[in-house]
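# Coordinates in review
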Amino acid sequence: MNNAVLYIAHQRKSDKKEQSLETHLLEVSIIAKSLAAKIGLQDQGELIGLLHDLGKYSDEFQIYLKSAVGLIDQDKDDYVDAKSKKGKVDHSTAGAQLVWQDLSTRDNKMGPIVGQMLSLCIASHHSGLIDCLSSDTHSFGEDRFTKRIEKPDGLTHFREAIAKMDKTIEARFRELVSNPELIDGVIKSLQQIAELERKRGDEQIVRFKVGMLVRYLFSCLIDADRINSADFEKPRAATARRHGQYGEWSHLIYLLDNHLSSFDTKERKEPIDELRVSISQHCRGKAINEKGIYTLTVPTGGGKTLASLRFALHHAEMHKLERIIYAIPFTSIIDQNVDVVREVLEPNSFCWIPGTKKRMPTDATRKMLEPSGVESGSVVLEHHSNLMPEEENWRTKMLVENWDAPVIYTTNVQMLETLFGAGTRGPRRLHQLANAVLVFDEIQTLPVNCIHLFCNAINYLVEHCGTTVVLCTATQPLMDMVEQSKGALRIPPSNEIMPDVGELFRKLKRVEVLNRRKPGGWSDKEVAILAMEEAGKANGCLVIVNTKKSAQAVFQLCRDEKTAMPIYHLSTSMCPVHRRAILAEIRQRLKAEEPILCVSTQLIEAGVDVDFGAVIRSVAGLDSIAQAAGRCNRNGRRDIGHVHVVNLSEERVDMLVDIACGQRVTERILDEFEKNPARFDNDLLGPTAIACYFNYYFAERRGEMDYPVGSKVLGHDDTLLNLLAGNSNATEEFRRCQGKPFNLYLRQSFMAAAKAFKSIDAPTRGVIVPYGIEGKKLIGELCGAFEVEKQFKLLRRAQQYTVNVFPHQLEKLQKESALHEIQDGVDILYLADARYYNEDFGLSLTPEGKMEVHCV
């Protein structure tokens, strides 16, 4: 060390041991190097890791830190009030300035570009990627990057940090920046992007993908920094960290193939079982092909869950990929899919429940695996919690996932936040998408405003990060056919996994769609009467409507009939445990062929394994109707099932833009089908009709697919695609105000775009509800859990007792004093007044429930 003074990065709370700044910088650089190596930019990753906390060498930061942890007595002259200084001592700019100072002066014109990319990552590592050009209302067109890089030395302590830098750090810095590979490696990556895109003549997409490259390097730095800091603080937990080392794929392949082979031909009772086996075999056969974007277009009930997993496992082994990540639109089907996959891939983590045919994770397995953060086993990780607040504090940082597992199940929301979200929590996981298989289940549910962003990001991952992507659905949304100049998926025609999709749909046709629309529409009462009739005739009827209000109304009208037939209601206002309990009872009665009736919102459509004799569907998008049809005669036990499409006169969807547009387009398709069914191969739910539907639907919504952002958010109209690419509006504003063009290559408004991005229209918050004995007990335990590790375990369980609520609902419940924090200052909410949770409808905005809970 070049100084007698020990410069520290952290002090451990448990034993007051100090981590030297030199150690932290070196260890973060090693981790960041390994993560960036996946895209051939190991030197660049190492450099940003090495310098990210350079500013911590300053006296101001060291005094602040030592005052905070008690190394400087508060009676000493140099003691400072650390609370008032928190977040105000700049320690991230000095490293960025050093990188910029060295690289921007290189004769090669690429020096400033590389310098800007790397220094941007360092300067942003606590805030999330900052804007290069501002898109804020009050500073539109301001050069934020230069302003940050030229921040005065009195605030960044640049010269002081360099003077005090440990010799080891300085020497390694000099080695890295003198190596031509530091610039040449980035040049190679940029050339690959440019050559591929400029063939299509689109500079905007080039700039978008360069922005993705920056976000990738930023991800490597964030994860490396957080890993090292957390491992120093909790060394025992650090021993359980996997670091991408999961064992051989061949073991998981053996488990899956052995499971699939157990379905002996003699045991296949229905023709659909033969087709499911064939689909699985085609997935196995296609897995040996090259990496790329694949589609798996299979009718509902075709066994996509295990078939796509078979492709993913064999493909990962073939190409030595690191992990498999499933992105699923709804938490309601993650639970079901994970249960199926976990039982196959983690057989030792389950035991038989005596006297039943059910299995559950063993206590021993839970205890053994809990320190690693994988609740039920060592293979499958779930990440779909919405309990955590948007802003992190030191407690919630410890609960963040970084997707370090071989098979991950997450939501589309989490995936989109990783690709485009604000701050550091989502972007931290981005590097895990490289050298991986990404499976998007029910891809047609992707928000329409995200389509161009999504297409460009996926093309980048596939073409530059060694990733394979599989798009699974019965209703492929033709994302390779959207406007090419803004970004469309590049899917080779040969990359449909099934060889003859049309023939597969004909063989798997199990329902007839009946267009029952009528002038003036159906009243709720008429729908209830039809549902009762169909339930009696078909031994089970499912009614699916577009709104919770309609579902509750139809359910109540059916119940008013005083029938002995069991009547059920399902909606997302119920917590997952509640929904699963109802679904288990429904499946049991359906298996026994008892007449039952269920009224549900569309949550039941995607991936929920139920088999009703008849379905009534309120008019929606044709893709939704196809999904609803997948709950009818699912296993082909009847000659034909009937799906009644009705128009509800009392259902209001004007404010639900996606559903309203889907209705309009579907009604156009229904009218055209009546006139000429042969045009659609006589199948309303076949590939021809679905393709026609999406052509019409995307044409109607073409102007929304680049994620428009209005003046209420930015102060001017723009799109996220533009903000993350050429940023033409801010660039022009800079030229107008400064009288000269903006001369830096990166001009994106990264932070403004990330803050404007919402993968769902309104951000929801999770509320833990007191459903059942376990729900009440769990809330009590959470209220008394003060250790982070205990909170971690309890919050995992609490996901199953959580209902996501929109801001206006949250506000009303808070006004009624129905919600409390689990502890003062811990922004995780539970329902304190259980009267607001109804046995029939779930979470309510009025006190209608019958349960009681008290948190002590």
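A brief structural summary. (Residues numbered from 1 in each chain as written. Predicted model: local features only at pLDDT ≥ 70, side-chain atom pairs only at ≥ 80, totals over all residues. Heavy atoms only, no water.)

## A word on the sheet that holds strand 22 (residues 826-831)
Sheet strands line up and pair through hydrogen bonds in the backbone, either parallel or antiparallel. Spelled out, the test is: At least two bridges found by DSSP between two strands is the condition for calling them paired. Here a helix means four or more residues in a row that DSSP labels H or I, a strand means two or more in a row labelled E, and each is numbered from the N terminus. The angle between two axes is taken between their N-to-C directions and runs from 0 to 180 degrees, where each axis is a line fitted to C-alpha atoms and a helix contributes only its stretch in contact.
With mixed pairing, four strands are arranged side by side in an open sheet as 20-19-22-21. Every other strand in the sheet has two partners, leaving strand 20 (802-805) and strand 21 (819-823) as the edge strands with one partner each. The mean angle between the axes of side-by-side strands here comes to 45°, regardless of whether they run parallel or antiparallel.

## Structural notes on helix 12 (residues 203-233)
Selection rule: Multiplying 1.5 Å by the residue count of a helix minus one yields the expected span of that helix. Burial classification: accessible surface area is computed with a 1.4 Å probe over protein chains only, and a residue below 20% of its type maximum counts as buried, one above 50% as exposed, and the rest as partly exposed.
Between its first and last C-alpha atoms helix 12 spans 45 Å; for 31 residues at 1.5 Å apiece the expected length is 45 Å, and the two agree. Within helix 12, 28 of the 31 residues are buried, which leaves it mostly tucked inside the rest of the structure.

## Some thoughts on the pairing of strand 13 (residues 567-570)
Here is the rule: With its strands directed away from the observer, a crossover is right-handed exactly when the path from the first strand over the helix to the second travels clockwise.
A two-sided burial pattern is seen for strand 13, the buried positions comprising I567 and H569 on one face and Y568 and L570 on the other. As paired elements, strand 13 and strand 14 (residues 597-600) share four bridges and run parallel to each other. Considered in strand 14, the bridge of Y568 is made with C598. With helix 25 (residues 576-591) bridging strand 13 and its parallel neighbour strand 14, the resulting β-α-β unit is right-handed.

## Some details on the side chain of N635
This is how the line gets drawn: Whenever two N or O atoms come within 3.5 Å, that pair is a polar contact, provided that in protein one can donate a hydrogen and the other can accept it, and provided that, for residues adjacent in sequence, both atoms are side-chain atoms.
As for its placement among the helices and strands, N635 is situated in the loop between helix 26 (622-629) and strand 16 (641-646). Note on N635: relative accessible area 15%, which makes it buried. At 2.9 Å, the side chain of N635 and the side chain of R276 are in polar contact.

## Overview of the environment of R589
As a reminder of what qualifies: Every residue pair with non-hydrogen atoms within 4.5 Å of one another is taken to be in contact.
Secondary-structure assignment places R589 in helix 25. Judged by its relative accessible area of 25%, R589 falls in the partly exposed class. Counting along the chain gives 50 residues from R589 to N539, while the straight-line C-alpha distance between them is 9.5 Å. Ignoring any residue separated from it by four or fewer positions in sequence, one finds R589 in contact with P566, Y568, E594 and I596.

## What about the sheet that holds strand 7 (residues 380-383)?
Reading across the sheet, the six strands line up as 3-10-9-4-8-7 and stay open at both edges, with parallel pairing between neighbours. The sheet is open, and its two edges are formed by strand 3 (293-297) and strand 7, each paired on a single side. The mean inter-strand angle of the sheet, taken between neighbouring strand axes irrespective of direction, is 20°. Packed on one face of the sheet, helix 20 (residues 412-420) meets strand 4 (323-328), strand 7, strand 8 (407-411) and strand 9 (436-441) and runs near 95° to strand 8.

## Some details on the nonpolar core
Stated precisely, the cut-off is as follows: In this description, a nonpolar core means a group of buried Ala, Val, Leu, Ile, Met, Phe, Trp, Tyr and Cys residues linked to one another through side-chain atoms lying within 4.5 Å.
If you look at the biggest cluster of nonpolar residues, it comprises 243 residues, and the most contacted ones within it are L345, F440 and I586. For this core, the leading source of residues is helix 12, giving 14 residues.

## Let's talk about helix 23 (residues 524-538)
With 15 residues, helix 23 should cover 21 Å at 1.5 Å per step; its first-to-last C-alpha distance of 21 Å lies within 8% of that length. Taken as a whole, helix 23 has its buried residues at D524, V527, A528, L530, A531, M532, E534, A535 and A538. As for helix 23, its buried residues are in contact with strand 12 (541-544), helix 24 (548-559), strand 13, strand 14, strand 15 (614-618) and strand 16. Within two residues after helix 23, N539 carries a phi angle of roughly 55°, on the positive side.

Worth remembering: the numbers are spatial, not functional.
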